[in-house]
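Understanding the architecture of this molecule
So you can see what is in the structure, the chains are spelled out below.
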Amino acid sequence: YSTISESYAALGKHQQAYDYLKKHKALNDSIFNIESEEQINDLHIKYESEKKNQKIELLEQKEKLANAVAEKSKAWIFPIAGILIAVIVFIFFYFRHLKIKGKQKRVELEQKALRAQMNPHFIFNSLNAIQDMYVGGETNLANNYMGDFGELMRRILENSGKNKITLKEEIDTLKLYLELETLRSGGLLSYTIQIDENIDQFNTYVPALIIQPFVENAVWHGILVKKEKGKVDISLKKMNGKLLCVIEDDGIGYEKSMASKTADSHESKGMKLTEERLGNKIKIETLNQGTRITLIIPS
């Protein structure tokens with residue numbers, strides 16, 4: 001046992017060496033000496049020390065591995081985070097740009113479509129009115145009508161390429177339109193336009209022809225269809241940095257007006273396009289006699 005123990009000890013197998021040395025001790029207890037006891041103790045200490053060193057080495061390896069993984073993670077976190085942030089910012093501004101561009105394009109197309117519908121419609125009726133005046137011998141009235149008609153066409157052509165015009169230009173164009181409709185109606189139509197004195201008409205900008213479709217609807221489908229005198233009152237005032245426009249007529253009323261129009265009529269398209277331009281910022285009310293339309297116009 002002693003020889004085997006020494007052999008295992010030489011091989012570094014301290015557990016086996018320890019076991020055989022204990023067997024040697026059991027058989028040779030009577031002749032066991034201090035030197036043998038120290039050897040046993042030494043082997044035991046070495047065995048415990050080896051176990052401890054192995055545990056320490058294993059823990060150190062685990063710690064090194066964990067540190068290496070952590071360092072690699074840190075090395076990748078910042079570049080990946082930077083790339084993700086850059087991608088998110090790019091996507092945000094890209095879609096924001098597309099949204100703004102699409103909105104601008106939509107507004108421009110709606111304005112062009114509105115003008116394209118109004119111009120032929122109004123030109124046709126105005127020319128018919130002028131022709132009727134000349135045939136009826138009302139030369140002076142026809143000449144006045146022709147002058148106002150020419151001025152209105154000039155303003156429409158000038159404003160057709162603009163996204164926004166001053167409120168003064170919009171009101172002047174609206175007045176010309178109403179003057180022509182007043183002449184053409186033979187006195188059946190009268191109107192008023194009231195503008196809050198706090199509004200700077202020369203420095204307040206609005207979309208071109210934003211009010212006209214609703215006024216035209218009030219004239220054609222509210223007043224003229226009842227075959228008697230009627231009135232359109234238009235008022236504008238400031239409200240939370242925006243323009244509040246109220247158009248009120250004493251015609252047949254909105255519900256009867258809508259019932260009298262065909263689904264594809266010019267007026268319906270003009271109002272529909274303008275409603276889309278303003279979004280959910282239009283309120284239509286049927287009065288005891290007539291209609292009130294309230295518009296919130298961005299300025």
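Here's what I pulled together on the structure shown here. (Residues numbered from 1 in each chain as written. Predicted model: local features only at pLDDT ≥ 70, side-chain atom pairs only at ≥ 80, totals over all residues. Heavy atoms only, no water.)

Another point: unusual backbone geometry. Despite not being glycine, Lys 227 shows a phi value in the positive range, around 60°. On the secondary structure map, Lys 227 appears in the loop between α6 (212-223) and β4 (230-239). A residue is classified by how much of its surface remains accessible, and Lys 227, at 67% relative accessible area, is exposed. (Helix = DSSP H or I, 4+ residues; strand = E, 2+ residues; numbered from the N terminus. Buried < 20%, exposed > 50% of the residue type's maximum accessible area, 1.4 Å probe, protein only.)

In this section: the sheet that holds strand β6 (residues 282-286). One open sheet accounts for five strands, arranged β2-β4-β5-β7-β6; its pairing is mixed. The sheet is open, and its two borders are formed by β2 (189-195) and β6, each paired with just one other strand. Each neighbouring strand pair of the sheet contributes to a mean axis angle of 10°, computed without reference to strand direction. Judged from the five bridges that link them, β6 and strand β7 (residues 291-297) form a sheet pairing that is antiparallel. (Pairing = 2+ DSSP bridges. Axes fitted to C-alpha atoms, helices over the stretch in contact; angles between N-to-C directions.)

The subject of this paragraph is the pattern of salt bridges. Here the structure, examined in full by the defined rule, presents nine salt bridges. Here Glu 151 makes a salt bridge to Arg 154, at a shortest N to O gap of 2.5 Å. Of this pair, Glu 151 and Arg 154 both sit in helix α4 (residues 139-159), three residues apart, which is roughly one turn of the helix. Arg 184 is paired through a salt bridge with Glu 181; the nearest N and O atoms lie 2.7 Å apart. Of the two residues, Arg 184 and Glu 181 both sit in helix α5 (residues 167-184), three residues apart, roughly one turn of that helix. (Salt bridge = Lys/Arg side-chain N within 4 Å of Asp/Glu carboxyl O.)

Our next topic: the pairing of β4. Pairing geometry for β2 and β4, over seven bridges, is parallel. Its bridge partner being in β4, Ile 193 is matched across the sheet by Ile 234. Where β4 folds back on strand β5 (residues 242-249), the antiparallel hairpin that results is connected by two residues, among which Asn 240 adopts a positive phi of roughly 55°.

The next subject is the nonpolar core. In terms of nonpolar packing, the biggest core is built from 37 residues, with Ile 211, Val 215, Ile 234, Leu 236 and Ile 247 touching the most fellow members. Contributions of two or more residues to this core are made by α3 (34-135), α4, α5, α6, β4, β5 and β7. Broken down by element, this core gets its largest block of residues, seven residues, from α5. With residues up to four places along the chain from it excluded, the contact list for Ile 234 reads Leu 174, Leu 178, Thr 192, Ile 193, Gln 194, Val 215, Cys 245, Val 246 and Ile 247. With five residues, the next largest nonpolar core counts Tyr 18, Leu 21, Ile 40 and Leu 43 among its residues. (Core = buried A, V, L, I, M, F, W, Y, C linked by side-chain atoms within 4.5 Å. Contact = heavy atoms within 4.5 Å.)

Bringing the pairing of β7 into the picture now. Counting buried positions along β7 gives five out of seven residues, so the element sits mostly inside the fold. Of the pairings in the sheet, the one linking β5 to β7 comprises seven bridges and is antiparallel in character. Directly across from Glu 248, in β7, lies its bridge partner Arg 292. The loop that links β6 with its antiparallel partner β7 comprises four residues; one of these, Gly 290, has a positive phi angle of about 115°.

Right, let's talk about a nonpolar patch on the surface for a bit. On the surface, a nonpolar cluster with roughly 700 Å² of combined accessible area is contributed by Ile 83, Val 87, Phe 90, Ile 91, Tyr 94, Phe 95 and Leu 98. If you trace the backbone, Leu 98 turns up in helix α3. (Patch = residues over 30% accessible without salt bridge, like charges linked within 9 Å, V, L, I, M, F, W, Y side chains within 5 Å. Areas by Shrake-Rupley, 256 points an atom, 1.4 Å probe, with all protein chains shown as cover.)

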